Amino acid sequence: MPTISRDEVAHLARLARLAVTEEELDLFASQLEMILTSVARVSEVAAVDIPPTSHAVGLTNVFRADAPHPGLTQQQALSGAYATEDGRFRVPRILDES
Amino acid sequence: MTTELTRLSAADLAGRIHARDTTAVEVTQAHLDRIAAVDRAVHAFLYVDADAALAAAAAVDNRLRCGDPPASPLAGVPLALKDVFATVDMPTTCGSRILQGWRPPYDATVTRRLREAGVVILGKTNMDEFAMGSSTENSAYGPTRNPWDLDRVPGGSGGGSAAAVAAFQVPLAIGTDTGGSIRQPSAVTGTVGVKPTYGGVSRYGLVAFSSSLDQGGPVARTVLDAALLHEVIGGYDALDSTSIDAPVPPVAQAARAGAAGDLAGVRVGVVSQFRGEGYQPGVLRAFDVAVSRLRELGAHVIEVSCRSFDHALPAYYLISPSECSSNLARFDGMRYGLRVGDDSSRSAEEVMSLTREAGFGPEVKRRIMLGTYALSAGYYDAYYGQAQRVRTLIIRDFAAAFERVDVLVSPTAPTTAFRLGERVGDPLAMYLSDLCTIPVNLAGNAALSVPAGLSDDDGLPVGLQVMAPALADDRAYRVAAAYEVARNAADGPLAHRVPDLTEDRLPPPSIAEVVGR
Amino acid sequence: MTAVLMDYDEVLERFEPVLGLEVHVELSTATKMFCGCANVFGAPPNTHVCPTCLGLPGSLPVLNRAAVESVMRIGLALNCSIAAWCQFARKNYFYPDMPKNFQISQYDEPIAVHGSVEVQLADGSTCTVDIERAHMEEDTGKSLHVGGSTGRIHGASHSLLDYNRAGVPLIEIVTKPIVGAGARAPALARAYVTALRDLLRALDVSDVRMDQGSLRCDANVSLMPRGSSTFGTRTETKNVNSLRSVERAVRHEMGRQAAVLASGGEVVQETRHFDEATGTTSPGRRKETSEDYRYFPEPDLVPIAPSAEWVQRLRATLPELPWQRRARVRVEWSLSDLELRDLVNAGALDLIAATVDAGAPAEQARSWWVSYLSQQANSRGVELADLPITPEQVARVIALVDAGGLTNNLARQVVDGILAGEGEPDEVVAARGLAVVSDDAELTAAVEQALAAHPDVAEKIRGGKVAAAGAIVGAVMKATSGQANAQRVRELVLARCAP
Ligand SMILES: [Mg+2]
Ligand SMILES: [Zn+2]
């Protein structure tokens, strides 16, 4: 039976880049716990020897040729941007290289 | 005259336009008028571009006037596009505040194919934010109403597309189906909705919710219309690696063949897992009547057990949030869309978090958190990994069933349309709406929902789900078309019983003020 | 703050270094990994982008066949096994230069595994480095940090993003832990990266320019106390932009970590940055939460299942690999071990071989690359291979000399012209008017003049001192800016001064 603490919710929110409010911490803690409890029965299905399926349709080896294809102009590329400068997307200062 | 045009099927409209008994412009105008008359009540559309639609219709008329053949069997017919497909000339918001006003610099493959086929796109339809939901109440732009009862939801996430078709605002619409988002809205609005085989319709330009499950498909009022639209949007696309390089199954031919009303020799399996607790009695009675009608048409009906289907819902609520937590990471305010909190002192990291917090609604955040949890180290095997194994079991159950029968049937949804607000505070109750539709998404095969009359306990539409093996979409069409003809013969076309709506005037939905810019 | 370093000999006395090298190689395919955008360096910002590499909503990746074949060839050349089945995964983390906020990479199912490469060190010794894996991934965009002191990230007011590089095919090659190198560890690290660079160049799959970032090395270093067999805590040093820096960074980390351990401290597992100017490493920001990349199979790409035939076909396309070539030329050119080592260390071997392939005699090809061209590379501070002259051009110069059209002196001027960007050898000869003067009338006049200017020398020659003719030849050569045919001048001098 999974239990989700407020701290765990806060950690998840950091990972997911969501500046959640204090009220959301409580709300998500209770709702995630409820949902996880209800889905936990997947782990009861005896399926250790069953291979996982990540793709429903079993295609393999899908490639494209290494041939250039016209993309977007700089103007189109930047068209949705909040701010631009010198043909680039302008963003707030970045804390550090990851 | 114009009212009459909006009552016609897409096939009839195309026939008249191509025979030059009417024009695409006239047909388009009639539907624009209808939207103007009823969309204040229904709120199916997020965006309507009348000028562009009339221009596209005029281009079809010109071509016909020059004696050229129509670009496709649906050239000149109006359509509504779910706001999850990229369109260069209209905003694409996915029902989210984070993409308010965003105009993509490219067209989705589905969009491009519709344009090339001469289908006239009237506008973009409302949806649950990023296709997450079963009621269209999760749209940042206010809910869509069910034309059958404006106090009820039209299903979701594609409630806008289904409602637009049910309210005669368009004869055709495009939806997307990740866990039932085409079929369930169709069931509760009395329309036909199809989830094609995964890989049958290109996902290029379809804003992803859960990539391994998402599939675009048609919404219509008749099985044949859905099939004609399926053939326009379907088929291989080199821009989608998961697209199947095979011809579109002959669905229009199957719909026409089915309409002859003979199902002799067709083996139909009734999935025994899809009844019992949580199923509305009126829905089950309507379903049983539908099954006896299939028998009357000559089908050989047996009961089939697919035990792993009991685990489909939990597996789905692990796989789809996991994929969504990754797919929606790109919405961070750096390159497009909303940006919140950029006061030139905050860092990019802080601005991303504030933007996502303000730009996403509660259901989207909930699923992102759930997916982040299910994928995180230490939980992956128990949740995501195990859900993928359940997926294998479901595929095996389908494979075993399709050795015994040609198609499987079930109610499309456990209940008819519920009331607005009824399940908003209870995610688990909401998730149950997709109980019967989810196994097909997990397995990647084809299924559709066809109207199966009205529930005798509330007078609201019920859907019959017909499921077929992957790439055998035509089987579902054949069975659905035969059933449709028989049901219409007995009861008259269901769609035409929808209320008039022109007198209804609800206040325009409030669009939340977007903070930031 | 400068880190305290332990004396190198003491480090080795007390500790055994353990290395792990991760090399990222940008492939030189025509297009990016998952879209048809051109893969080019140095274009105006955001001009080689499309919905897919910009990560626009709705866009999807489609895998570049040439990139897959490149990594398979790299894997085969590194003696790796090619997986019969593999797939991509998503590595999830937020960073503004990554448009989707996840990187498509390979995780637990890489395409090439368990290989090895033989590396020759500067001292001539060889060492086998085991390869853990080679896998495919996509590069990120580039950020420009504005408003700070030196374009560094710290103190910047904002950043500007260019996604031309986003989605460029990247191959990550990871070694198994390298244990037992002892004092040679820094040199081995450098020799390994050099060997990879030469291999990738021979395969013609990458530009392998460390200065432009098409070859990047992250050096993992840890220390194990002598007598122990438990690995210590490692650091990962990034921003190592030259072969020399690889060696310096490893050596510095060994000294720094040893000092930390000796003083009773603990090495912190972290990313460090190498500073070219000081030769030291400094810590990156410590993450407040541990890395959790939440890998899962990439649903938008289907698995890759290379057939045995496909692998075989690619194996057949492998060129002669650097170590194979070394073994061959050693015999063919009758080189001693020492000579061969010097050629390898100078980075001249492949260039000489290519010059020979272009038709030049081995002896002359070798002479050009190890003497005059090496001097030019040294004075410019670049690697021999990065001089703007091709083996084909060198071969043409040699051919002109052999045909008598150029003197050695003139040939050097032709080479200078090529290095200055004046064009092909024949164009430089024509433009600079460097053809040898063999016209007797012109040369006779020059000889007369020189004899008249040096009557004493003329007298000696007439007196039978033939050796003195050299001085007159030299004067003529000088007067003609080296363009005279020296052989003919000598003949004319001797004829004039015949006793
Ligand atoms: Mg990597
Ligand atoms: Zn691109």
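Look up: the structure comes first, before these words.
As a starting point, this report considers the structure included with it. (Residues numbered from 1 in each chain as written. Chains lettered and ligands numbered in written order. Predicted model: local features only at pLDDT ≥ 70, side-chain atom pairs only at ≥ 80, totals over all residues. Heavy atoms only, no water.)

Some thoughts on the overall build of chain C
Each helix and strand counted, chain C has 16 helices and 16 strands in total. The dimensions of chain C, computed from C-alpha atoms along their principal axes, are 95 × 55 × 55 Å. Buried positions account for 54% of the 499 residues belonging to chain C. The centroid of the 49 positive side-chain charges in chain C is displaced by 2 Å from the centroid of its 62 negative side-chain charges. (Helix = DSSP H or I, 4+ residues; strand = E, 2+ residues; numbered from the N terminus. Buried < 20%, exposed > 50% of the residue type's maximum accessible area, 1.4 Å probe, protein only. Lys, Arg positive; Asp, Glu negative; His and termini not counted. Charge placed at Lys NZ, Arg CZ, Asp CG, Glu CD.)

A look at the overall build of chain B
Helix and strand counts for chain B come out as 17 helices and 11 strands. Its C-alpha radius of gyration of 22 Å places chain B within 12% of the 24 Å reference for a compact globule of 517 residues. For chain B, the C-alpha atoms occupy an extent of roughly 70 × 55 × 45 Å along the three principal directions. Counting only contacts in chain B whose residues sit at least 6 apart along the sequence, the fraction spanning at least 24 positions is 77%. Per element, the accessible surface of chain B, about 14900 Å² overall, is 51% carbon and sulfur. Mean positive and mean negative side-chain charge positions of chain B (47 and 58 charges, respectively) differ by 2 Å. (Rg over C-alpha atoms; globule rule 2.2 N^0.38 Å. Contact = heavy atoms within 4.5 Å. Areas by Shrake-Rupley, 256 points an atom, 1.4 Å probe, with all protein chains shown as cover.)

Brief notes about the interface of chain B and chain A
Between chain B and chain A, the residue contacts involve 61 residues of the former and 50 residues of the latter. When the two sides are added together, the surface that chain B and chain A hide from each other amounts to roughly 5100 Å², 67% of it contributed by carbon and sulfur. For the chain B face of the interface with chain A, the top three residues by lost area are B:Met369, B:Tyr373 and B:Arg389, together amounting to 13%. The interface formed by chain B and chain A contains two salt bridges. Put simply, the parts of the chain that give the side of chain B that touches chain A at least two residues each are helix H11 (312-327), helix H12 (348-359), helix H13 (362-375), helix H14 (381-404), helix H15 (427-431) and helix H16 (438-443) of chain B. No other element matches H14(B), which puts 12 residues into the side of chain B that touches chain A. (Buried area = accessible area lost by both parts, 1.4 Å probe. Salt bridge = Lys/Arg side-chain N within 4 Å of Asp/Glu carboxyl O.)

What to know about the sheet that holds strand E10 (residues 446-454) of chain B
All names here are of chain B. Spatially, 11 strands are ordered E1-E3-E2-E4-E6-E5-E10-E11-E9-E7-E8 in an open sheet, and the strand pairing comes out mixed. Edge positions in the sheet fall to strand E1 (45-48) and strand E8 (300-304), since each has one partner strand and no second. Averaged over neighbouring strand pairs, the angle between their axes works out to 25° when direction is ignored. Lying over the sheet, helix H5 (residues 109-116) contacts strand E2 (78-82), strand E3 (120-125) and strand E4 (172-176), oriented at roughly 175° with respect to E2. (Pairing = 2+ DSSP bridges. Axes fitted to C-alpha atoms, helices over the stretch in contact; angles between N-to-C directions.)

Quick notes on the environment of C:Ala112
All names here are of chain C. The residue Ala-112 is located in strand E6 (residues 112-120) in this model. When its relative accessible area of 0% is taken as the criterion, Ala-112 is described as buried. For the pair formed by Ala-112 and Glu-13, sequence separation is 99 residues and the distance between their alpha carbons is 37 Å. Those residues in contact with Ala-112 that lie beyond four places of it in its chain are Gly-75, Cys-80, Ser-81, Ile-82, Glu-132, Arg-133 and Ala-134.

Concerning the coordination of the magnesium ion (ligand 1)
At 2.0 to 2.7 Å from the magnesium ion (ligand 1) lie its protein donor atoms, namely C:Glu137 (OE), C:Glu137 (OE) and C:Glu172 (OE). Remark: C:Glu172 occurs in strand E10 (residues 169-175) and C:Glu137 occurs in strand E7 (residues 126-138); sequence separation between them is 35 residues. (Donors = N, O, S within 2.8 Å, 3.2 Å for Na, K, Ca; no water.)

Section: the interface of chain C and chain A
If you look at the interface, chain C gives 58 residues, while chain A gives 37 residues. It is C:Phe94, C:Leu160 and C:Val302 that lose the most area in chain C upon contact with chain A, and together they represent 13% of the buried surface on that side. There are zero salt bridges connecting chain C and chain A. Where chain C meets chain A, there are 21 residue pairs in polar contact (both at pLDDT 80 or more). If you tally residues by element for the side of chain C that touches chain A, the top one is strand E9 (residues 158-162) of chain C, at five residues. Residue composition of the side of chain C that touches chain A, grouped by class: 34 nonpolar, 15 polar and nine charged. Alignment of strand E1 (residues 63-64) of chain A against strand E2 (residues 63-64) of chain C, held across two bridges, turns out to be parallel. (Polar contact = N/O pair within 3.5 Å; in protein donor to acceptor, adjacent residues only side chain to side chain. Nonpolar A, V, L, I, M, F, W, Y, C, P; charged D, E, K, R; others polar.)

Brief notes about the packing of helix H8 (residues 223-233) of chain B against helix H17 (residues 473-491) of chain B
Residue and element names in this part refer to chain B. At their nearest, the axes of H8 and H17 sit 9 Å apart, and the two run at 155° to each other. Classed by the angle they form, the pair H8 and H17 counts as roughly antiparallel. Seen from H8, the contacting residues are Val-223, Ala-226, Ala-227 and His-230; seen from H17, they are Asp-473, Tyr-477, Ala-480, Ala-481 and Glu-484. (Parallel < 35°, antiparallel > 145°, perpendicular 65-115°, else oblique.)

Considering the pairing of strand E9 (residues 407-411) of chain B
Residues and elements named next belong to chain B. Judged by how many residues are buried, E9 sits mostly within the fold: five of five residues are covered. Sheet topology places strand E7 (residues 267-271) next to E9; three bridges connect them, and they run parallel. Its bridge partner lying in E9, Gly-269 is registered against Leu-408. Strand direction decides the pairing type here: E9 and strand E11 (residues 461-468), joined by four bridges, are antiparallel. Bridged to Pro-411 within E11 is Leu-464.

Considerations on the coordination of the zinc ion (ligand 2)
Donor atoms from the polypeptide that bind the zinc ion (ligand 2) are C:Cys35 (SG), C:Cys37 (SG), C:Cys50 (SG) and C:Cys53 (SG), placed at 2.3 Å. Coordination at the zinc ion (ligand 2) is tetrahedral, judged from the four donor atoms that bind it and the angles of 100 to 115° they form at the metal. (Tetrahedral: all angles 85-135°; square planar, octahedral: opposite > 155°, others 65-115°.)

Notes on the pattern of salt bridges
One pass over the structure, following the stated rule, counts 56 salt bridges over all chains. Ionic pairing is found between B:Glu363 and B:Arg367, a salt bridge with its closest N-O pair at 2.7 Å. Remark: B:Arg367 and B:Glu363 occur in helix H13; sequence separation between them is four residues, near one turn of the helix. On the accessibility criterion, B:Arg367 (3% relative accessible area) is buried. With a closest N to O distance of 2.8 Å, C:Glu138 and C:Lys100 form a salt bridge. Of this pair, C:Glu138 sits in strand E7 while C:Lys100 is found in the loop between strand E4 (89-92) and strand E5 (102-105), placing the two residues 38 residues apart along the sequence. Residue C:Glu138 is classed as buried on the basis of its relative accessible area, which comes to 8%. Judged by its relative accessible area of 10%, C:Lys100 is buried. The network of salt bridges with shared partners includes B:Arg203, B:Asp240, C:Arg90, C:Glu298 and C:Asp300.

Let's talk about the packing of aromatic side chains
All names here are of chain B. With the rule as written, the count across this model stands at 22 aromatic pairs over all chains. Plain terms: the ring middles of Trp-102 and Tyr-336 are 5.6 Å apart, the flat faces sit at 35° to each other, and that makes the pair tilted. Residue Trp-102 is found in the loop between E2 and H5, and its partner Tyr-336 is found in the loop between H11 and H12; the two are separated by 234 residues along the sequence. Tyr-336 matches Trp-102 in its accessibility class, with the two residues each being buried. Every member of this aromatic cluster is reached through a ring pair, and the members are Trp-102, Phe-130, Phe-331, Tyr-336 and Phe-360. (Phe/Tyr/Trp six-rings, centres within 6.5 Å; stacked < 30°, edge-to-face > 60°.)

Quick notes on the side chain of C:Asp162
On the secondary structure map, C:Asp162 appears in strand E9. This buried residue, C:Asp162, is left without a salt bridge; A:Arg88 holds the nearest opposite charge, at 5.0 Å. Within polar-contact distance, the side chain of C:Asp162 engages the backbone nitrogen of C:Asn164 at 3.0 Å. The residues contacting C:Asp162, other than those within four sequence positions of it, are A:Arg88, C:Pro45, C:Asn46, C:Gly141 and C:Lys142.

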